[in-house]
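Spelled out from the first residue to the last, the chains are:
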Amino acid sequence: MPTTLDWLGCATFRLTTGNLVIFLDAYIDRVPSAAPTGMTTDAVTQADWIVVGHSHFDHVYGAERIAKATGATIIGSYETVRIMDAQGVPPAQLMPVAGGEKIRLSTDVTVDVFPSQHSCVWSSQPMPASDAVCLGELGVNYQEQQAHIEKLWDRLSTLGGEVVSHLTVSAQGARGDGGALLYFFETPEGSLLYQDTSGHWSGILQNLRPDVAILAAAGRGNINGEPIQGSLAQFVARQADLLRPRNVILSHHDNWFPGFSRAIDVAPIRTELARWTPKTQLIEMGYMEAYPVFTKRE
Ligand SMILES: [Zn+2]
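Residues numbered from 1 in each chain as written. Predicted model: local features only at pLDDT ≥ 70, side-chain atom pairs only at ≥ 80, totals over all residues. Heavy atoms only, no water.

Engineer: How should the pattern of salt bridges be read in this particular structure?
Structural biologist: Pairing is possible between side chains of opposite charge, provided their charged atoms come close. On inspection of all chains with the given rule, the structure shows eleven salt bridges. Residue Asp-29 pairs with Arg-65 through a salt bridge whose shortest N-O separation is 2.5 Å. Taken together, the positions of Asp-29 in the loop between strand 3 (20-24) and strand 4 (49-51) and Arg-65 in helix 2 (residues 63-70) put the pair 36 residues apart, joining distant regions of the chain. A salt bridge links Glu-186 to Lys-102, with the nearest nitrogen and oxygen atoms 3.8 Å apart. Placement of the pair is Glu-186 in strand 9 (residues 181-187) and Lys-102 in strand 7 (residues 102-104), with a sequence separation of 84 residues. Shared partners join several salt bridges into a network, and the residues in it are Asp-29, Glu-64 and Arg-65. (Salt bridge = Lys/Arg side-chain N within 4 Å of Asp/Glu carboxyl O. Helix = DSSP H or I, 4+ residues; strand = E, 2+ residues; numbered from the N terminus.)

Engineer: How should the layout of surface pockets be read in this particular structure?
Structural biologist: Summary: where empty space remains is shown by rolling a probe the size of a single water molecule over the atoms. Looking at the largest pocket, its volume works out to about 840 Å³. Surrounding the largest pocket, 40 residues form its lining, His-56, Val-121, Ile-149, Gly-176 and Asp-177 being those nearest its centre. Sorting the residues of the lining of the largest pocket by element identifies helix 1 (57-60) and helix 4 (142-156) as the ones contributing at least two each. With eight residues, helix 4 is the single largest residue contributor to the lining of the largest pocket. Grouping the amino acids of the lining of the largest pocket by side-chain chemistry returns 18 nonpolar, 18 polar and four charged. (1 Å grid on protein atoms, 1.4 Å probe; cavity = no way out; pocket = protein on both sides within 12 Å on 5 of 7 lines; lining within 4 Å. Points joined across faces, edges and corners; volume = space filled by probe spheres on them. Nonpolar A, V, L, I, M, F, W, Y, C, P; charged D, E, K, R; others polar.)

Engineer: Just to check I follow, could you spell out the sheet that holds strand 10 (residues 190-194) for this structure?
Structural biologist: Sheet strands associate in pairs through backbone hydrogen bonding, adopting either a parallel or an antiparallel arrangement. On the basis of which strands lie adjacent, the open sheet formed by seven strands has the order 7-8-9-10-12-15-16 and mixed pairing. Where the open sheet ends on each side, the last strands, each with one partner, are strand 7 and strand 16 (281-283). Neighbour to neighbour, the strand axes of the sheet diverge by 20 degrees on average, direction disregarded. Inspection of the sheet shows strand 9 paired to strand 10 by five bridges, in the antiparallel sense. Note on strand 10: the bridge partner recorded for Phe-184 is Leu-193. (Pairing = 2+ DSSP bridges. Axes fitted to C-alpha atoms, helices over the stretch in contact; angles between N-to-C directions.)

Engineer: Can you walk me through the pairing of strand 9 in this structure?
Structural biologist: Two faces make up the sheet, and in a regular strand the side chains alternate between them. For strand 9, a buried count of six out of seven residues is recorded, marking the element as mostly surrounded by other parts of the structure. The sheet contact formed by strand 8 (residues 110-115) and strand 9 spans six bridges and is antiparallel. Note that in strand 9 the partner of Pro-115 across the bridge is Leu-181. Hairpin connection, strand 9 to strand 10: the antiparallel pair is bridged by two residues. (Buried < 20%, exposed > 50% of the residue type's maximum accessible area, 1.4 Å probe, protein only.)

Engineer: Would you mind showing me how to read helix 7 (residues 232-243) here?
Structural biologist: The α-helix advances 3.6 residues per turn, and as a result positions three or four apart in sequence lie on the same side. Compared with an ideal rise of 1.5 Å per residue, which puts twelve residues at 16 Å, helix 7 spans 17 Å between its outermost C-alpha atoms and is within 8% of the ideal. The element helix 7 is largely enclosed, with a buried count of nine among its twelve residues. (Expected span 1.5 Å × (residues − 1).)

Engineer: How should I be thinking about the sheet that holds strand 1 (residues 4-7) in this particular structure?
Structural biologist: Taken in spatial order, the seven strands make up an open sheet running 6-5-4-3-2-1-17, and their pairing is mixed. Among the strands making up the open sheet, the edge pair consists of strand 6 (94-96) and strand 17 (291-292). The pairing of strand 1 with strand 2 (residues 13-17) spans four bridges and is antiparallel. Bridged to Trp-7 within strand 2 is Phe-13. Those strands touched by helix 2 are strand 3, strand 4 and strand 5 (73-76), and its axis lies near 165 degrees from that of strand 4. Strand contacts of helix 3 (residues 78-86): strand 5 and strand 6, with the helix running at about 155 degrees to strand 6, the strand carrying the most contacts. (Contact = heavy atoms within 4.5 Å.)

Engineer: Help me understand the packing of aromatic side chains in this model?
Structural biologist: To describe a pair of aromatic rings, one takes the distance between the centres and the angle between the planes. Overall, the coordinates contain eight aromatic pairs when judged by the stated rule. Ring centres 4.8 Å apart and planes at 50 degrees place the aromatic pair Trp-7 and Tyr-287 in the tilted group. Separated by 280 residues along the polypeptide, Trp-7 in strand 1 and Tyr-287 in the loop between strand 16 and strand 17 bring together distant segments of the chain. Classification of Trp-7 as buried rests on a relative accessible area of 5%. Relative to Phe-257, the ring of Phe-57 lies with its centre 5.7 Å away and its plane at 75 degrees, an arrangement referred to as edge-to-face. In this pair, Phe-57 is assigned in helix 1 and Phe-257 in the loop between strand 15 (247-251) and helix 8 (267-276), connecting sequence segments 200 residues apart. A relative accessible area of 8% means that Phe-57 is categorised as buried. (Phe/Tyr/Trp six-rings, centres within 6.5 Å; stacked < 30°, edge-to-face > 60°.)

Engineer: Explanation requested: empty space enclosed by the protein in the structure shown.
Structural biologist: For the structure on display, the rule yields one cavity of 30 Å³ or more. By volume, the largest cavity amounts to about 30 Å³. Forming the walls of the largest cavity are Trp-7, Ile-249, Leu-250, His-253, Ile-283, Glu-284 and Met-285.

Quick look at the structure:
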């Protein structure tokens, strides 16, 4: 059986390689207004590992239920682990990381963890269209960023009762993103980079050479702590240029939180990728497609 990837909406995927089942994030149970993906956490019967990119609810919510039901081990930031511990996940199933670790997942599969950056949710345009060129907002200090994020939470809570009740159960932590992480999987079939928010350290990305890269396409991109001076499409393409993967798979680009998120138009991303890295193929996945991730498609 080839290694397969199921997209479960937002930035959540299920990677099946050999006899291992690895969840990349765990946000499967979404707001009722988001399109169903064909899966709920209750339906998950097998998971060996759950890697969590960062601690926001739209990434970590669900990991606690999958871990308890399957015995899977959760790999994530110290904040992710703190939240999961508070939710009653046994400590033996929690592996805190900060970047720099190589973890053996099976006899022939490993994952390397790298520090990363979160998209600029504090930006005046936290969810721009993929071709909207955003400029300025450089040098905004931490306290100013936090004040913007407070306002954003206030705005989310005006979206209606279903949204508020969803946030009440899903927003399990109160310490922000907890530090974003990148995961680099190596399997006998190939290597896969996983990113779940549009940010990076360029000095780290430029030394990674995955066969396939899952890149987040949502929000104002963050490069080394500052917002990209340009569009989201340019941000994704610039990352592909640093990584030079054979294939790029997008994440976080569906309308995962209607009223706040938007369905990202992929066409400008395709255009910018063709300009920056013409040899890289953009793969557009639907939900639950069991895509053979390392099988070349021309
Ligand atoms: Zn986030």
